[in-house]
There are 2 protein chains.
Amino acid sequence: MMDVLIVEDDALHRSFLNEAVRAALPECGQVIEAENGLKGEVQARTSRVEHVVMDLQMNERNGIEAARTIWRERPDTKILFWSNYSDEAYVRGVARIVPEGATYGYVLKSASEERLKLALRSVFVESQCVIDREVRGIQQKSLGNSPGLTDVEYEILVDVAVGLTDKAIAQRKHLSLRSVQNRLQQLYEKLDVYETPGQGSEGWFNLRTRAVAVALSRKVLNASAIERAERDLRQSRGI
Amino acid sequence: MMDVLIVEDDALHRSFLNEAVRAALPECGQVIEAENGLKGEVQARTSRVEHVVMDLQMNERNGIEAARTIWRERPDTKILFWSNYSDEAYVRGVARIVPEGATYGYVLKSASEERLKLALRSVFVESQCVIDREVRGIQQKSLGNSPGLTDVEYEILVDVAVGLTDKAIAQRKHLSLRSVQNRLQQLYEKLDVYETPGQGSEGWFNLRTRAVAVALSRKVLNASAIERAERDLRQSRGI
DNA sequence: GCAAAATCTGCGGGTTCCCGCAGGACAGGA
DNA sequence: TCCTGTCCTGCGGGAACCCGCAGATTTTGC
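Analysis parameters
- Residues numbered from 1 in each chain as written.
- Chains lettered and ligands numbered in written order.
- Predicted model: local features only at pLDDT ≥ 70, side-chain atom pairs only at ≥ 80, totals over all residues.
- Heavy atoms only, no water.
- Axes fitted to C-alpha atoms, helices over the stretch in contact; angles between N-to-C directions.
- Helix = DSSP H or I, 4+ residues; strand = E, 2+ residues; numbered from the N terminus.
- Parallel < 35°, antiparallel > 145°, perpendicular 65-115°, else oblique.
- Contact = heavy atoms within 4.5 Å.
- Nonpolar A, V, L, I, M, F, W, Y, C, P; charged D, E, K, R; others polar.
- Buried < 20%, exposed > 50% of the residue type's maximum accessible area, 1.4 Å probe, protein only.
- Pairing = 2+ DSSP bridges.
- Least-squares fit on C-alpha atoms with pLDDT ≥ 70 in both.
- Phe/Tyr/Trp six-rings, centres within 6.5 Å; stacked < 30°, edge-to-face > 60°.
- Near = heavy atom within 4 Å.
- Polar contact = N/O pair within 3.5 Å; in protein donor to acceptor, adjacent residues only side chain to side chain.
- 1 Å grid on protein atoms, 1.4 Å probe; cavity = no way out; pocket = protein on both sides within 12 Å on 5 of 7 lines; lining within 4 Å.
- Points joined across faces, edges and corners; volume = space filled by probe spheres on them.
- Domains from an automatic or database assignment.
- Buried area = accessible area lost by both parts, 1.4 Å probe.
- Salt bridge = Lys/Arg side-chain N within 4 Å of Asp/Glu carboxyl O.

1. Thoughts on the packing of helix H10 (residues 207–217) of chain A against helix H7 (residues 151–162) of chain B
For the pair H10 of chain A and H7 of chain B, the least separation of the axes is 6 Å and the interaxial angle reads 85°. The pairing of H10 of chain A with H7 of chain B is recorded here as roughly perpendicular in orientation. Where H10 of chain A approaches H7 of chain B, its residues Thr209, Arg210 and Ala213 of chain A are matched on the opposing element by Val160, Ala161 and Val162 of chain B. A breakdown of the residues in the contact of H10 of chain A with H7 of chain B according to their chemical character gives 4 nonpolar, 1 polar and 1 charged.

2. Brief notes about helix H8 (residues 166–173) of chain B
Where H8 of chain B is concerned, the buried positions are Asp166, Ala168, Ile169 and Ala170 of chain B. Where H8 of chain B is buried, its residues touch H7, helix H9 (177–190) and helix H10 (207–217) of chain B.

3. Observations regarding the sheet that holds strand S1 (residues 2–7) of chain A
All names here are of chain A. If you trace the 6 strands from one edge of the open sheet to the other, you get S2-S1-S3-S4-S5-S6, paired in parallel fashion. At either margin of the open sheet sits one strand with a lone partner, and together these are strand S2 (28–34) and strand S6 (130–131). By the bridge criterion, 4 bridges tie strand S3 (residues 51–54) to strand S4 (residues 78–83) in an arrangement that is parallel. Each bridged residue has a counterpart across the sheet, and for valine 52 the counterpart in S4 is isoleucine 79. Strands in contact with helix H5 (residues 113–124) are S1, S3, S4, strand S5 (104–108) and S6; relative to S4, the strand with the most contacts, it is inclined by about 160°.

4. Section: the relation of the copies chain A and chain B
Mapping chain A onto chain B leaves a residual RMSD of 0.1 Å; the transformation is a rotation of 180° accompanied by 0.0 Å of translation along its axis. This pairing of chains is accounted for by a two-fold axis. Among all C-alpha atoms of chain A, that of threonine 209 of chain A lies closest to the rotation axis, at 2.8 Å. Here 97% of the contact residues of chain A are again contact residues in chain B; the copies associate through an equivalent surface.

5. Brief notes about the packing of aromatic side chains
Inspection of every chain in the model, using the stated rule, returns 10 aromatic pairs over all chains. Ring centres of phenylalanine 81 of chain A and tyrosine 104 of chain A lie 6.3 Å apart, and the angle between their planes is 70°; this geometry places the pair in the edge-to-face category. With phenylalanine 81 of chain A in strand S4 and tyrosine 104 of chain A in strand S5, this residue pair connects regions lying 23 residues apart in the sequence. Look at tyrosine 104 of chain A and you get buried, because its relative accessible area is 10%. On the numbers, 5.8 Å between centres and 20° between planes, the contact of phenylalanine 16 of chain B with tryptophan 82 of chain B is stacked. With a gap of 66 residues between them, phenylalanine 16 of chain B in helix H1 (residues 11–24) and tryptophan 82 of chain B in strand S4 (residues 78–83) connect regions that are remote in the sequence. You'll find phenylalanine 16 of chain B and tryptophan 82 of chain B in the same group, each marked buried.

6. Quick word on the protein's contact with DNA strand C
Around DNA strand C there are 17 residues in total, and Ser176, Ser179, Asn182 and Arg183 of chain A together with Arg178 of chain B lie nearest to it. Of all atoms in DNA strand C that approach within 4 Å of the protein, 61% are sugar or phosphate atoms. Between DNA strand C and asparagine 182 of chain A there is a distance of 3.3 Å, counted from a base oxygen to a side-chain nitrogen or oxygen. Within the side chain of glutamine 181 of chain B, a nitrogen or oxygen atom sits 2.9 Å from a base nitrogen of DNA strand C.

7. As for empty space enclosed by the protein
A full pass over the atoms with the stated rule returns 2 cavities of 30 Å³ or more. Estimated volume of the largest cavity: approximately 40 Å³. Ala161, Thr209, Val212 and Ala213 of chain A together with Ala161, Thr209, Val212 and Ala213 of chain B together form the lining of the largest cavity. Elements with a minimum of two residues in the lining of the largest cavity: H10 of chain A together with H10 of chain B. Within the lining of the largest cavity, the residues separate by chemical class into 6 nonpolar, 2 polar and no charged. Taken as a whole, the second largest cavity spans an internal volume of roughly 30 Å³. Forming the walls of the second largest cavity are Val91, Val94, Ala95, Tyr104, Tyr106, Ile131 and Gln139 of chain B.

8. Overview of the side chain of threonine 209 of chain A
Mapping threonine 209 of chain A onto the fold places it in helix H10. A residue is classified by how much of its surface remains accessible, and threonine 209 of chain A, at 2% relative accessible area, is buried. Those residues in contact with threonine 209 of chain A, other than ones at most four positions away along the chain, are Val160, Ala161, Gly163, Arg208 and Thr209 of chain B.

9. Digging into the domain arrangement of chain A
Interface size, as often reported, equals the accessible area lost upon joining of the parts. Residue and element names in this part refer to chain A. As far as domains go, chain A holds domain 1 (2–143) and domain 2 (151–238). Summarising the inter-unit geometry, the C-alpha centres of domain 1 and domain 2 are found 30 Å apart. Taken together, the 11 residues of domain 1 in the interface contact 11 residues of domain 2. Between domain 1 and domain 2, roughly 990 Å² of surface is buried when both sides are summed, and carbon and sulfur atoms account for 41% of that area. Summed over the shared surface of domain 1 and domain 2, the result is 2 salt bridges. A salt bridge links glutamate 65 to arginine 231, with the shortest nitrogen-to-oxygen separation between them at 2.7 Å. The interface formed by domain 1 and domain 2 contains 4 residue pairs in polar contact (both at pLDDT 80 or more). Among the elements of the structure, helix H3 (63–73) and helix H4 (88–97) are those that each provide at least two residues to the side of domain 1 that touches domain 2. No other element matches H4, which puts 6 residues into the side of domain 1 that touches domain 2. Residues belonging to the side of domain 1 that touches domain 2 are distributed by class as follows: 3 nonpolar, 2 polar and 6 charged.

Here you go:
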């Protein structure tokens, strides 16, 4: 019997998902709903569900965090992410937590109902990973060498964004001060922080905060990624 | 004849709104839909609509910007904002653009359908402003003296967040360098940037970027507020 | 196995940031 | 009128930042 857990905070979207699931998977059993990440985790644990479709960006605990704990407890859970955005920050966040060999999917809410149903079948019954074309693009970029950032650069960006000093970063990453600053320079370069549109526009920008601003507006970073990093930081220091 | 314009990027929400509008305002005429802020502006202009219900946070042009241009052209337009969030950044953004004596509303998507319909009637036929309870709270905070920021502090926060240096801010705001730094200090204090959880945790944070991080996670700022500020900046310098 | 490329590291410096101290301007109240 | 509170301003200095230069170390490609 295949039970399905829906984790989605928007009531409209939730009932839409429910219908879509029942339509796409007529052989399925119970369809359980949860309205935020926290409740989703609990439901996944108590109902021993192996098929989850969920939103990223929820209040109580977002999809990435919920997925992480679900996967930690049962790495063979199949999860289909259904999100509004294909922000690089989300894509990276998901890629970071998917366990070895797990099957998952990532479709955008803007996709057609058909695509959603197809993805449901592919992921849940065929055990195939289904990544939306657009999301794929972001993945490529974030791995490849195009204007995207490498993992090291991304990590330092996050550290800067939570507000750490160079020295603190050096300590955390077991690097020298100078190395941290080198990486920062790369970062500045990649993010085009040095733009000089008019004349005499030098010294207008504080590169450090400017980098964060640019990353935010390019969706390389988003607020929830920063909050996540903040929690990690507290945890690693608070022991 | 009362025509209504719906500006909302999510298809599900859009059709839900359409139904709600027809149910709440049986006397209404056409119900026009637009799927982003830009198209919304165009529709408002060509259809000469005087009643708009719209989302904040859309891709092409967000609700605040769209509302600003709509109101600039016809300040007596009645606009009901229907949003997922009550971020201080949004509430401030709206408050900043509503013209003298205009009637508008702000209800959260999490509110019941009844509340939404009631708000539709109140704003559109009774010409009464309807602000969601929760949003009201944020408004109070952002005006009052509680942990909220004053306007000056908020402005400097935005300037810092887009990445300007102290000197640049001083020039823009026609202040001395020292005054800018004074305001920054107030800001740091209000945002609790000086937190010292453990021992020897001094020098861990770069106050400037830390302030941005804190503001983001407290929803005092959000990415779209930064983008808006950025456009303003370019415009004021690019001439 | 070797050369090339990429990284890490220290040094030195110019600049910006952060802020205590102190004096001046200006508004409101006894 | 004087006093008090608030805001702006300059000065000075310690710390942090940004970065060119150059040698050491590691990784990569052939």
